[in-house]
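# Inside the fold
Listed below, chain by chain, are the residues.
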Amino acid sequence: MKKEMERKMRRGMRTGMKYAVAAMAAVSMAVTGCAGSGTGNSAKDSGISAAADSAGSSAGNRTGDIAGDSAGNRAENSAGNGAGETGNNGTRDDVVVVMGPTSEPEAGFDPAYGWGAGEHVHEPLIQSTLTVTKEDLTIGYDLATEMDVSEDGLTWTVDIRTDAVFTDGEPLTAEDVAFTYNTLKETSSVNDFTMLDRAEAEDEDTVVFHMKHPYSIWPYTMASTGIVPEHAYGPDYGMHPIGSGRYVMKQWDKEQQVIFEANPDYYGEAPKLKKLTVLFMEEDAAFAAVLAGQADVAYTAASYGEQEVSGYRLMACESVDNRGFNLPAVPAYTDENGVKRGNDFTSDVRVRQAINLGIDRQAMIDHVLNGFGSPAYSVCDKLPWYNPEAETDFDPEQAARLLDEAGWTEGADGIREKDGTRAELEILYPADDSVRQALAMDTSNQLASLGIQASVRGVGWDTAYTDALSQPLMWGWGAHTPMELYNIYHTDEALGTAQYSPYSNETVDAYMEQALESSDLEESYELWKKAQWDGGTGASGIGDAPWIWLVNVDHLYWVRDGLNTGEQKIQPHGHGWSVVNNADQWFWE
């Protein structure tokens, strides 16, 4: 409550003429429709992008180039100035949602090319899935009615409902499910099906998955895999998708909008919203659309979150969209390919633990995110497999003691030294991401108080992965599956260390392997927790600390008054389609 009051006070103090020009320009152009297309590039993480550094001038100067066609022409067929379409009871039954340009699926709405899966997991809307994740991120059923796994974990048998039909009238059967999974296994460059040997239809409503090795978290893969029709699947499926989900894609104007309508033949509860229009805009154009009343829900950044907009409220969604940096956990060396790996300074666990303890995460949230975030202690905070015992308090005194124990003592200029070597780091960040840059700089400032000199440098993703093998890099992670822990911390047999940053712990590896081999999903959660911290060792900050997790970024949206958006799940990495996971449950009050 105190945090919310402080936010409101800041908004009230800062609200004024800053966006007045932008608002008038947006309204004028929404009426006349006399401006550009509203397309362009945004920062890698659209949740809080590079617009944060120039929000004031952007909202004014760039609105003339962006807001007109976006907020006016594209929305006039949808919400207008809040008029919209009405249902039988006289209330609206449509909604206009604004997402960033990077949310538009380049390859279309085909699960084989990342729709619903990939880096930014969401529910595919058009297609049905076998399972779903519930509000607490445990597993529920969609098409599935029953699910069993063999004792050896190598066979999953799933019974499916018999009343699901595709929008062309054809029934959905186990043959379609098996076809989908076998097709994605062979063709998808986004979905990971390396654990699947094959899928087969046992009968019309039973599908059997044969695994190459045990994979207890298979239900999470099923929750993001939309089922496609074998009889109507081809190269252009993504442009003209046929599914059995809650919505039908009726129109797609590339780089502008996509329109969905409720599926009249949907087997579940009929969607309350009959029409969902998604516009793709840059952050400043999205805010201009809100000011002009041309959007019902619009993503926004913390830089805009200080404003107050008449007729709208700011919805802050919790996320596991975290930011943090790796600390190479082995001494420096050069591998057989000439690649630098490891770091002599961060190879000492006491140094890594000291850095973890010496970061004031709440101060970072206040300074960089304007208060819109939560402290991060892992890559899976608040998810069912998260171990809260791994959390640590800000303790600069203990951090200093650990550095002293490690032999790093303060020199004349305040920078610690050991055997003539200064305590120095170079913190890298993606050059196109202003928030990660700000986090890197804040980290540098905080480390200085510990006697560690840290410079910062922007890099491109063409070199970032290699650079991170020997230096800290500011990353963004967060997925609705425990597999993210495995991908980050598990030892790659070919490398001898974890994939993204040199680190290895046999005990941690064993816990994760046992978790995957478990025949009980719920029981596997406890093994994932032990991989983070078992009371003596673990991959978390209280243990080996090969990664320092800083913040979970709140996903912010302007929501028109009167629109009830239901209960939002904790959102994953990426600021886009997740907000409409439950769009069928939205309604106007």
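For every chain, the first residue of the written sequence is number 1, and numbering continues from 1 along that sequence. Totals for whole chains, interfaces and linings use all residues, but because this is a predicted model, local features are given only for residues with pLDDT of at least 70 and pairs of side-chain atoms are given and counted only at 80 or more. Heavy atoms from the whole structure form the basis of all side-chain values; hydrogens and water molecules are not counted.

## Some remarks on the environment of E306
For clarity, the threshold we go by: Strands are runs of DSSP state E lasting at least two residues, helices are runs of H or I lasting at least four, and both sets are numbered from the N terminus onward.
With respect to the helices and strands, E306 occurs in the loop between β11 (297-300) and β12 (312-317). Through-space distance from the C-alpha of E306 to that of G371 is 9.9 Å; in sequence the pair is 65 residues apart.

## Structural notes on a negative patch on the surface
In plain terms, the rule: Patches here: salt-bridge-free residues with over 30% relative accessible area, like charges joined within 9 Å, nonpolar side chains (Val, Leu, Ile, Met, Phe, Trp, Tyr) joined within 5 Å. Only the protein chains shown count as covering a residue, and every accessible area follows the Shrake-Rupley method with a 1.4 Å probe. Salt bridge, as applied in this entry: a Lys or Arg side-chain nitrogen positioned within 4 Å of an Asp or Glu carboxyl oxygen. By the counting scheme adopted, Arg and Lys are positive, Glu and Asp are negative, and His together with the chain ends is not counted. By convention, the charge on Lys lies at NZ, on Arg at CZ, on Asp at CG and on Glu at CD. When accessible area is computed with a 1.4 Å probe and restricted to protein chains, residues below 20% of their type maximum are described as buried, those above 50% as exposed, and intermediate ones as partly exposed.
Together, E175, E200, E202, D203, E204 and E230 give the surface a local cluster of negative charge. With respect to the element layout, D203 can be found in strand β6 (residues 196-203). Look at D203 and you get partly exposed, because its relative accessible area is 36%.

## A few points about the pattern of salt bridges
This model, assessed by the stated rule, comprises 19 salt bridges. For the salt bridge of R246 with E123, the shortest nitrogen-to-oxygen distance reads 2.9 Å. Within this pair, whereas R246 is found in the loop between α5 (218-222) and β8 (247-253), its partner E123 is found in the loop between β1 (94-99) and β2 (131-133), the two being separated by 123 residues in sequence. Among the residues examined, E123 registers a relative accessible area of 15% and is labelled buried. Through salt bridges with shared partners, one network takes in R92, D94, D296 and R560.

## Focus on the sheet that holds strand β24 (residues 555-560)
Selection rule: Here, strands pair whenever DSSP counts at least two bridges between them. Geometry is summarised by axes, namely lines fitted to C-alpha atoms with helices restricted to the contacting stretch, and by angles between N-to-C directions that run from 0 to 180 degrees.
Spatial ordering of the open sheet is given by β8-β9-β10-β1-β11-β24-β12, a layout of seven strands whose pairing is mixed. Each end of this open sheet is capped by a strand with a single partner; those strands are β8 and β12. The sheet shows a mean angle of 20° between the axes of neighbouring strands, direction not considered.

## A closer look at the packing of helix α7 (residues 349-357) against helix α9 (residues 396-405)
The following threshold applies: To sort the angles, those under 35 degrees are grouped as roughly parallel, those over 145 as roughly antiparallel, those from 65 to 115 as roughly perpendicular, and the leftovers as oblique. Note on convention: near helix rotated counterclockwise from far helix by under a right angle means a left-handed crossing. Clockwise means right-handed. Note on definitions: a residue-residue contact is assigned when non-hydrogen atoms from the two residues lie within 4.5 Å.
Interaxial distance between α7 and α9 falls to 8 Å at its minimum, and their mutual angle equals 165°. Classified by the interaxial angle, the pair formed by α7 and α9 is roughly antiparallel. The crossing of α7 and α9 is left-handed. Counted together, R350, V351, Q353, A354 and L357 of α7 and P396, Q398, A399, L402, L403 and E405 of α9 form the full contact between these two elements.

## A few points about the packing of helix α8 (residues 361-368) against helix α10 (residues 434-448)
Applied cut-off: When residues are grouped by polarity, Ala, Val, Leu, Ile, Met, Phe, Trp, Tyr, Cys and Pro land in nonpolar, Asp, Glu, Lys and Arg in charged, and all others, Gly among them, in polar.
For the pair α8 and α10, the least separation of the axes is 10 Å and the interaxial angle reads 135°. Put simply, α8 runs oblique to α10. The handedness of the crossing between α8 and α10 is right-handed. Contacts between α8 and α10 involve M364, H367 and V368 from the first element and V435, A438, L439, D442, T443 and Q446 from the second. Grouping the constituent residues of the contact of α8 with α10 by class yields five nonpolar, three polar and one charged.

## Brief notes about the side chain of D176
Applicable threshold: Pairs of N or O atoms are called polar contacts if they sit within 3.5 Å, as long as, within protein, a hydrogen donor faces a hydrogen acceptor (for residues adjacent in sequence, only side-chain-to-side-chain pairs).
Mapping D176 onto the fold places it in helix α4 (residues 174-187). Among buried charged residues, D176 stands out as having no salt bridge; its nearest opposite-charge side chain is R161, 13 Å away. Polar side-chain contacts of D176 include one of 2.9 Å to the backbone nitrogen of E230. Not counting residues up to four positions away in its chain, the partners in contact with D176 are F166, P171, I227, V228, P229 and E230.

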